[in-house]
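Architecture at a glance
Here's the letter readout for the chains.
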Amino acid sequence: MHVVLMSLFLSLAPTACRATTAPTPVDAGASAPVATTSRDAAAKPKLSLEEARAAALKQVPGTVISAELEREHGRWIYSVEIQPTDRQQPRKEVEIDGDDGSVVAVEVEDADD
């Protein structure tokens with residue numbers, strides 16, 4: 001009996017370890033950034049996603065296609081893709097600093113994107 005219980009325990013042990021160490025799924029629609037290091041855990045952007053979208057739309061009026069938050073070179077940067085109001089113009093990507101709301105860059109999106 002002892003051998004059977006020990007075999008059962010040993011067969012379940014790897015499964016139990018994987019269950020406790022597996023990464024937690026993250027909701028793709030979540031607006032909160034995911035920190036990658038303990039230093040990043042305390043650092044959050046001062047601007048919300050909505051504030052970053054508004055700043056981008058001031059730079060390039062139009063319709064927001066997508067927006068995301070990324071950590072680039074130690075800074076939080078919102079990348080906002082916009083279809084300008086004048087539909088003849090190509091889509092633009094406006095990068096907004098997540099801490100001070102300044103425009104970091106405005107780039108024309110490639111036709112392939």
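Everything here concerns the structure above.
Here's a quick rundown of the structure. Computed from a predicted model, the values in this text were never measured in an experiment. Residue indices begin from 1 for each chain and proceed along its sequence in written order. Owing to the predicted nature of the model, reporting of local features is limited to residues with pLDDT of at least 70; listing and counting of side-chain atom pairs is limited to 80 or more, with chain, interface and lining totals taken over all residues. Processing note: side-chain calculations cover all non-hydrogen atoms of the structure and skip hydrogens and water entirely.

**Points about the pattern of salt bridges**
Here is the rule we go by: The term salt bridge refers to a side-chain nitrogen of Lys or Arg lying within 4 Å of a carboxyl oxygen of Asp or Glu. Starting at the N terminus, helices and strands are each numbered in turn, a helix being any DSSP run of H or I of at least four residues and a strand any DSSP run of E of at least two. Only protein chains enter the accessibility calculation, which uses a 1.4 Å probe. A residue is then buried if its area is under 20% of the maximum for its type, exposed if over 50%, and partly exposed in between.
A full pass over the atoms with the stated rule returns three salt bridges. Arg53 serves as the salt-bridge partner of Glu50, at 3.9 Å between the closest nitrogen and oxygen. Of this pair, Glu50 and Arg53 both sit in helix H3 (residues 49–59), three residues apart, which is roughly one turn of the helix. You can call Glu50 exposed: its relative accessible area is 54%. In this structure, Asp97 and Arg75 form a salt bridge, with 2.9 Å as the shortest nitrogen-oxygen distance. With a gap of 22 residues between them, Asp97 in strand S3 (residues 92–97) and Arg75 in strand S2 (residues 75–84) connect regions that are remote in the sequence. Classification of Asp97 as buried rests on a relative accessible area of 7%.

**What about the environment of Thr85?**
The condition that has to hold: Should any heavy atoms of two residues lie within 4.5 Å, those residues are counted as being in contact.
Mapped onto the elements, Thr85 comes out in the loop between S2 and S3. Since its relative accessible area comes to 59%, Thr85 is described here as exposed. Between the C-alpha atoms of Thr85 and Pro61, which are 24 residues apart in sequence, the distance is 6.0 Å. Here Thr85 is in contact with Pro61 and Gly62, once residues within four sequence places are set aside.

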